[in-house]
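Residues per chain, in single letters:
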Amino acid sequence: MTHWVLIGLGILIAVLTVVSALGLLPSLRIVPDDTHFDFTQFRRISFPISAALSILAIVLFFTHGLNLGIDFRGGSLLEVRSKSGPADIAGMRATLAKLELGEVQLQQFGGPEGVLIRVAEQPGGDAAQQEAANKVKAAIGDSVEYRRVEVVGPRVSGEFLAVGMLGLMLAIVSILIYLWFRFEWQFALGAMIANVHDIVLTIGFMSISQVDFDLTSIAALLTILGYSLNDTVVIYDRIREMLRRYKKMPMPQLLNESINSTLSRSIITHVTVTLALLALLLFGGPAIHSFTAVMMFGVVLVGTYTSIFIAAPILIYLGVGTIRGDQVDEPKKKP
Amino acid sequence: MLYFTRWKALGIILTALVVCLCAVPNFFPEATVKTWPAWAQRHIVLGLDLQGGSYLLLEVDSNYVKKERLDSVRDDVRRTLRDAKIGYTGLASKGDGVEVRITKDADVPTALSKLRDLSQPLGGLLGSSGQRSLEVSDAGGSVIRLVIPQAAITERVRQTIEQSIQIVERRINELGTVEPVIQRQGTDRILVQVPGLQDPTQLKNLLGRTAKMEFRMVDTTVSPEQALQGRVPSDSEVLQSASPPNQPYVVKKQVLVSGGDLSDAQTGFDQRTNEPIVSFRFNSAGARKFAQATTENVGQPFAIVLDNKVISAPVIREPITGGSGQISGNFTVQSANELAILLRAGALPAPLTVIEERTVGPGLGADSIAKGELASYVGSILVIVFMLVTYRLFGVFANIAVMVNVAMIFGVLSLLNATLTLPGIAGIVLTVGIAVDSNVLIYERIREELRGGRNAISAIDAGFKRALATILDSNITTFIAAAVLFYIGTGPVRGFAVTLGIGILTTVFTAFTLTRLIVAAWVRWKRPQSVPI
């Protein structure tokens, strides 16, 4: 089945390639050439919204919490698949309850045959986790295929959490230093604020959706960081160029021009990234489902919004271009 | 920007081609690749999450190492003082060291100098730093204190790990698995990866035992019952039997022959009872010791002790001088086999604990490969179609660049013998989405320059010039994130960092060279008056 779909799509691409090469397709403009949306003015709405959302995310983080995976909490995770028909989750739950292993979660995973079993960390150190996993295997027996068994001891899980947090900090600081070198410090600071905003909102998303927060989530967060900055840097580059070229243009207008002229690129790039992530989300299987979902939220929803509505306008408050002597809130005027 | 010398153009094409060609060995079966010359054999390794297998992280118990070191220091002190005929009391381990009270004050200086001889400079790089294995000091009140410094314990743990790795290697090789990876991680950990291993239970059984084998005499002066009531002779101890029913034995502390003197161990079957047994052979030193001990103790029972459990306690019927023997002790075929492996490979210097385990079955691995492949195809096709629709002819250029880009990622991965994981595949798909970004940046800039009133060729030239600086800046930030991720990540996550990082490098390469070259060739060929973009 999938082979035929792929072959069909291949033919479609071949045809499109020929047609495009011959210039027979109409040119597509996703963003009209003369777009002049007043993004900086929009900061009066976007800043309060972002502030409110960030506070909400932080509140969620502290009240609702993150669904820490075994990487950070220790314990065992077993992915099993019934060898005959749909898995009997209720039966398994009853069997495992007799083992008295504390909190044991069962969840259907990747089809009706699949079950994900999570056993909370056992008291008694590293060896106790191994024992718990063995007990679970002994209780369930051979009626299932063990597709994945992961056991993380308390020492490793503690380290993972520390290393993960350290990694995030390290990434933020090293990017800050890089931006400081390449731009003025205001840009670095602006990018940082935008960055922290992205991470806070994404953590809020993970809190609401209760996806497993594990090592791959740290990977997702770092990727979001990288790409959101990628976007921000593109706009900042343009702002810097405009600052050099137009010595007299008022700051809000200059920012607007910069955002508008890079808008088409921002949107097209995000469409392509979204398409790639969408493919991973729909076809990549359950193993990387939460990974891609988090990235989709962070890169596509938050990242784009941040670079346009936060990272650029915030430069006004950070004092970029104040030497021009114009008022921060000077009304927009056509030159 | 659009002018390339012939040599430069050739250089770019050759570089791209060679890097792409590095990926070729991945498309041939392993057996075929093995017959090629060594330089052509580099290929991508599938991560355990894709090919299935077991990952174990073992930690050596540094407290055990410390305790054992303290015990041996205590024994050394006892021996030294006894040899020097110095009276002492209260010899005991305290915290990081050992304390002993010398009975006569006058003996203290002699005792100090004798005990100082126990301290040695630490070997290796630390040897020059003046660190010693023991700090001997007069604690006042005729008490001498011997402290083991942290550096000495660290050094000891390091040695323990080195020895353990060799033993672990030997034990795993006995399992006959394909290409296991055994590495030291940090100061006190060993990482073990065994591709294709579905059930690590046996592996864990093998690695979770120190396998310290000892032949000792059974103490027949007291019965086990008496001993359990607390009347154990000072040179004996009570040990349990290894297999149920749990039965106590009183065993002398003195070791007649240890497992280190074994030269071989094999499984077999007892000819009379048909039970599985382990037969062993001593080296010449062990054979001599064993012969002497059995000659002196005919008619007495001796105990075969493994990890402080008694496997069996047969009576010596006649002197065993041939240097070989056999152990029978309620074995199953599997447990006999495991014991034979353990005895052949030797004892671990300290117990290892499994602190992390991840096992992926072959079913899940195959599923993940299939899903990853499908997602990559669909993702690439969606991006390719979108680029064609948006940029038409220039979309074709971009797509050529992206395809070369992906081929180059595989080439670099092969060149590095890198590990491809499921998140790594996600990284490649993501790179496809991102790689076109460099083209988008260039093309959008060209469109802008055209709007600004430039003619076709000058707009293309300016577009490239201005966009490339931005491409470099924006990719470096993502590269920093990937580098950090590589540094902190393990296993699948590190695989993601690798493909992401390599993807960024190849993206910058293709943007700066290949895309430019293609567009330049088109400009030379067409001499366009307008740009179809």
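Quick caveat, the model's predicted, so the values are computed rather than measured.

## Here we look at the overall build of chain B
Counting its regular elements, chain B contains 15 helices and 19 strands. Here the C-alpha radius of gyration of chain B, 34 Å, is well above what a compact globule of 533 residues would show, namely 24 Å. A principal-axis box enclosing the C-alpha atoms of chain B has dimensions of 110 × 65 × 40 Å. Classification of the 533 residues of chain B by burial places 44% in the buried group. Put simply, of all contacts in chain B between residues at least 6 apart along the chain, 70% involve residues at least 24 apart.

## Here we look at helix α10 (residues 289-311) of chain A
Given 3.6 residues per helical turn, the α-helix brings residues three or four places apart onto the same face. Of all bends in α10(A), the biggest is about 35°, found at A:Val302. With 17 of 23 residues buried, α10(A) is to be regarded as a mostly interior element.

## A closer look at the sheet that holds strand β12 (residues 257-258) of chain B
Residue and element names in this part refer to chain B. Taken together, six strands build an open sheet; the order of strands is β11-β10-β16-β15-β9-β12 and the sheet is mixed. Edge positions in the open sheet fall to β11 (248-252) and β12, since each of these has one partner strand only. Across five bridges, the pairing between strand β10 (residues 236-241) and β11 is antiparallel. The residue of β11 that forms the bridge with Ser236 is Lys252.

## Looking at the interface of chain B and chain A
Each side of the interface is counted separately: chain B has 66 residues, and chain A has 72 residues. Within the residue set of the side of chain B that touches chain A, elements represented by two or more residues are β18 (352-360), α11 (362-391), α12 (393-415), α13 (422-451), α14 (456-488) and α15 (491-526) of chain B. The element best represented in the side of chain B that touches chain A is α11(B), accounting for 20 residues. Its residues placed into classes, the side of chain B that touches chain A shows 40 nonpolar, 15 polar and eleven charged. Where strand β5 (residues 144-152) of chain A lies against β18(B), five bridges are found, and the strand directions are antiparallel. Within β18(B), the residue paired with A:Arg148 across the bridge is B:Val360.

## Here's the deal with the confidence of the model for chain A
Here chain A averages 86 in pLDDT, and 95% of its residues register 70 or above. pLDDT under 50 marks residues 325-335 of chain A. Its contacts with residues more than four places away, or in other chains, come to nine contacts.

## Focus on the environment of A:Arg155
Relative to the assigned elements, A:Arg155 resides in helix α6 (residues 154-182). A sequence separation of 70 residues divides A:Arg155 from A:Gly85, and the C-alpha atoms of the two residues are 38 Å apart. Leave out the neighbours within four places in its chain, and A:Arg155 touches A:Asp126 and B:Ile355.

## A few points about the sheet that holds strand β5 (residues 135-140) of chain B
Residue and element names in this part refer to chain B. The antiparallel open sheet is built from four strands, whose spatial order is β3-β4-β6-β5. Of all the strands in the sheet, the pair left with one neighbour each is β3 (88-94) and β5. Adjacent strand axes in the sheet meet at a mean angle of 20° when their direction is disregarded. The pairing of strand β4 (residues 97-102) with strand β6 (residues 143-147) spans five bridges and is classified as antiparallel. The residue bridging Gly97 from the neighbouring strand is Val147, located in β6. This element, helix α4 (residues 62-83), spans β3, β4 and β6 of the sheet and lies at about 165° to β3. Lying over the sheet, helix α5 (residues 108-116) contacts β4, β5 and β6, oriented at roughly 160° with respect to β5.

## Here we look at the confidence of the model for chain B
Mean pLDDT over chain B stands at 87; residues scoring 70 or higher make up 98%. Taken together, the chains of this predicted complex give a pTM of 0.82 and an interface ipTM of 0.87.

## Quick look at α11(B)
If you check α11(B), its first and last C-alpha atoms are 43 Å apart, about what 30 residues at 1.5 Å a residue would give, namely 44 Å. B:Arg392 sits one or two positions beyond α11(B) and adopts a positive phi of about 50°.

## Structural notes on the packing of α14(B) against α15(B)
Two packed helices can be described by the angle between their axes and the distance between those axes. Residues and elements named next belong to chain B. Running from N to C, α14 and α15 cross one another at 170°; their axes reach a closest spacing of 9 Å. In terms of their interaxial angle, α14 and α15 are classed as roughly antiparallel. Its residues assigned to classes, the contact of α14 with α15 comprises 22 nonpolar, four polar and two charged.

## Notes on the nonpolar core
Among the nonpolar cores identified, the biggest contains 220 residues, and A:Ala276, B:Val429 and B:Leu485 are the most heavily contacted of them. The element that contributes the greatest number of residues to this core is α13(B), accounting for 16 residues.

## Digging into unusual backbone geometry
A negative phi angle characterises most non-glycine residues, just as the trans form characterises most peptide bonds. Positive phi, normally seen in glycine, also occurs at A:Gln210, with a value near 55°. The class of A:Gln210 is exposed, set by 12 C-beta atoms lying within 10 Å. A positive phi angle, near 60°, is found at B:Ala211, a position not held by glycine. Residue position: B:Ala211 is located in the loop between α7 (201-207) and β9 (213-217). Since 20 C-beta atoms lie within 10 Å of it, B:Ala211 is described here as buried.

## Focus: the pairing of β10(B)
All names here are of chain B. With antiparallel pairing between neighbouring strands as the criterion, β10 and β11 make up a hairpin whose turn holds six residues. Sheet analysis places β10 next to strand β16 (residues 309-312), joined by two bridges and oriented parallel. Paired with Gln240 across the two strands is Lys309, which belongs to β16.

## Overview of the environment of A:Arg73
Residues and elements named next belong to chain A. Residue position: Arg73 is located in helix α3 (residues 70-73). Taking the C-alpha atoms as reference points, Arg73 and Pro154, 81 residues apart in sequence, are found 7.3 Å from one another. Non-local contacts of Arg73, meaning those with residues more than four positions away in its chain, are made with Leu68, Glu121 and Ser157.

## A word on the packing of helix α9 (residues 251-283) of chain A against α10(A)
Residue and element names in this part refer to chain A. At a minimum axis distance of 10 Å, the contact between α9 and α10 shows a crossing angle of 175°. Considering the angle they form, α9 stands roughly antiparallel to α10. Only His289, Thr292, Ala293, Met295, Met296, Val299, Val300, Thr304, Ser307 and Ile308 of α10 make contact with α9, whose side of the interface consists of Ile259, Ser266, His270, Val273, Thr274, Leu277, Leu280 and Leu281. Of the residues belonging to the contact of α9 with α10, the class tally is eleven nonpolar, seven polar and no charged.

Reading guide: rules and limits
Residues numbered from 1 in each chain as written. Chains lettered and ligands numbered in written order. Predicted model: local features only at pLDDT ≥ 70, side-chain atom pairs only at ≥ 80, totals over all residues. Helix = DSSP H or I, 4+ residues; strand = E, 2+ residues; numbered from the N terminus. Rg over C-alpha atoms; globule rule 2.2 N^0.38 Å. Buried ≥ 20, exposed ≤ 12 C-beta atoms within 10 Å, placed from the backbone. Contact = placed C-beta atoms within 7 Å. Bend = angle between axes of the 7 residues up to and from the residue. Pairing = 2+ DSSP bridges. Nonpolar A, V, L, I, M, F, W, Y, C, P; charged D, E, K, R; others polar. pLDDT = per-residue confidence, 0-100. Axes fitted to C-alpha atoms, helices over the stretch in contact; angles between N-to-C directions. Expected span 1.5 Å × (residues − 1). Parallel < 35°, antiparallel > 145°, perpendicular 65-115°, else oblique. Core = buried A, V, L, I, M, F, W, Y, C linked by C-beta atoms within 7 Å.

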